[in-house]
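Read off the chains here:
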Amino acid sequence: MKEAAQQFDAIVQERRSVRIYDQESPFDSDAVQRSLERAALAPNSSNMQLWEFYRVQDPEKMRRIAQYCMGQKAATTARELVLIVVRRDLWKQRSRFMLQAYEAYYAERPEIAHRLKRFRSYYGRLMPMYYFQDWLGLWGRIRQLIVFFASFRRPVVWQVRRQDLRVVCHKSAALAAQTFMLSMTAEGYATCPMEGFDSQKVKRFLGLPRGSEINMIISCGPPTPEGIYNERIRVPNDSIIFKL
Ligand SMILES: Cc1cc2nc3c(=O)[nH]c(=O)nc-3n(C[C@H](O)[C@H](O)[C@H](O)COP(=O)(O)O)c2cc1C
């Protein structure tokens with residue numbers, strides 16, 4: 001095994017969901033910033049980056065959010081809370097950003113500038129067609145019909161309705177969340193991902209935008225041995241990994 005693989009294996013083995021954090025050890029909150037910057041490098045659907053990361057450090061705000069996390073110890077003892085938030089509603093800004101980034105990139109490379117056409121079509125036409133939503137979800141239905149008829153002629157992506165797009169965005173956000181947690185482990189800190197929280201109250205309390213959805217709240221801090229509740233349990237690999 002390569003050295004990098006051994007190091008990565010050590011990080012993956014080390015990462016556990018820790019529910020009680022050490023209150024005395026120093027906590028370098030710059031590690032959270034570094035880890036979020038690494039999280040932003042996670043693969044994501046169409047590179048639309050429809051996510052935002054919110055750091056909560058203020059003790060009073062943390063106390064309230066911990067309450068909304070059902071008082072879980074993973075939240076009440078955390079040294080910082082990080083919200084991984086999905087922003088499907090930002091698709092217009094993000095596709096514009098991507099298009100401008102590609103235009104700037106190819107402006108400096110005239111010899112391959114013909115490739116820009118593909119990105120113009122992708123971020124200028126396809127993404128708006130894919131992400132556009134109306135209040136009643138009619139566009140999703142229309143997209144579904146188009147896809148249905150197209151499927152007789154060629155392979156198609158079926159996930160085009162409003163609820164499908166939510167899944168698309170949450171998948172990408174979860175990959176960022178995992179990158180963040182592995183990075184925090186590499187930094188010597190522990191994390192616990194949480195979905196057990198009152199999303200409406202958290203959103204309202206923090207004043208998150210209307211169109212946002214909280215993917216996960218991740219608590220962070222120095223680990224304690226008692227914070228790991230049990231040995232790691234997984235179903236046997238041969239019941240989940242198949243060769244076809
Ligand atoms: C999406 C998601 C939501 C989770 N929500 C909670 C939670 O609300 N509270 C909690 O204590 N653990 C939560 N967990 C942690 C899991 O219980 C944990 O990952 C699992 O038991 C495996 O343990 P390990 O992370 O130590 O390997 C969550 C994990 C994920 C991925």
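Further up the page is the structure itself.
Here the structure is a predicted model, which is why all the values come from computation and not from measurement.

Draft legend 1. Region of interest: the side chain of Asp164. If you trace the backbone, Asp164 turns up in helix H8 (residues 162–186). Looking at Asp164, the relative accessible area reads 10%, which means it is buried. A distance of 3.0 Å separates a polar atom in the side chain of Asp164 from the backbone nitrogen of Val160. Setting aside anything within four residues of it in sequence, one finds Asp164 in contact with Trp158 and Gln159.

Draft legend 2. Highlighting the site of the ligand. Taken together, Arg15, Arg16, Ser17, Arg19, Gln72, Cys192, Pro193, Met194, Glu195, Gly196, Arg232 and Arg234 make up all the residues around the ligand. In the environment of the ligand, an oxygen atom lies 3.0 Å from a nitrogen or oxygen atom belonging to the side chain of Arg15. Within the backbone of Pro193, an N or O atom sits 3.1 Å from a nitrogen atom of the ligand. Burial of the ligand by the protein chains amounts to 67% of its free accessible area of 610 Å².

Draft legend 3. Main features of the packing of helix H5 (residues 91–107) against helix H6 (residues 116–131). At a minimum axis distance of 9 Å, the contact between H5 and H6 shows a crossing angle of 180 degrees. For the element pair H5 / H6, the angle class is roughly antiparallel. Touching Trp91, Ser95, Met98, Leu99, Tyr102, Glu103 and Tyr106 of H5 are Leu116, Phe119, Arg120, Tyr123, Gly124, Met127, Pro128 and Tyr131, all from H6.

Draft legend 4. Local environment of the pattern of salt bridges. According to the stated counting rule, one finds eleven salt bridges in the structure shown. Note that Glu60 and Arg63 form a salt bridge whose closest N and O atoms lie 2.9 Å from each other. Note that Glu60 and Arg63 are positioned in helix H3 (residues 59–68) at a spacing of three residues, about one turn of the helix. Judged by relative accessible area, Arg63 falls into the partly exposed class, the value being 44%. Glu213 serves as the salt-bridge partner of Arg166, at 2.9 Å between the closest nitrogen and oxygen. Of this pair, Arg166 sits in helix H8 while Glu213 sits in strand E4 (residues 213–221), and the two are 47 residues apart along the sequence. Bridged by salt links that share partners, the residues Asp28, Arg34, Arg38 and Glu187 form one connected network.

Draft legend 5. Representation of unusual backbone geometry within the structure. We note that Asn47 has phi near 55 degrees; this positive angle belongs to a residue other than glycine. With respect to the secondary-structure elements, Asn47 resides in the loop between helix H2 (30–39) and strand E1 (51–56). For Met70, which is not glycine, the phi torsion reads 60 degrees and is therefore positive. Of note, Met70 is situated in the loop between H3 and helix H4 (73–76).

Draft legend 6. Representation of H5 in the model. Between its terminal C-alpha atoms H5 stretches 24 Å, which fits the 24 Å expected from 17 residues at 1.5 Å a residue. Taken together, the buried positions of H5 are occupied by Trp91, Ser95, Met98, Leu99 and Tyr106. For H5, the angular spread of buried residues about the axis comes to 95 degrees, placing them on one side. Structural note: H5 exposes Phe97 and Ala107 on the side pointing more than 90 degrees away from its buried face. Buried residues belonging to H5 abut H6.

About the criteria used
Residues numbered from 1 in each chain as written. Predicted model: local features only at pLDDT ≥ 70, side-chain atom pairs only at ≥ 80, totals over all residues. Heavy atoms only, no water. Helix = DSSP H or I, 4+ residues; strand = E, 2+ residues; numbered from the N terminus. Buried < 20%, exposed > 50% of the residue type's maximum accessible area, 1.4 Å probe, protein only. Polar contact = N/O pair within 3.5 Å; in protein donor to acceptor, adjacent residues only side chain to side chain. Contact = heavy atoms within 4.5 Å. Near = heavy atom within 4 Å. Areas by Shrake-Rupley, 256 points an atom, 1.4 Å probe, with all protein chains shown as cover. Axes fitted to C-alpha atoms, helices over the stretch in contact; angles between N-to-C directions. Parallel < 35°, antiparallel > 145°, perpendicular 65-115°, else oblique. Salt bridge = Lys/Arg side-chain N within 4 Å of Asp/Glu carboxyl O. Expected span 1.5 Å × (residues − 1). Arc of directions from axis to C-beta.

Geometric descriptors of this kind do not, in isolation, establish any biological role.
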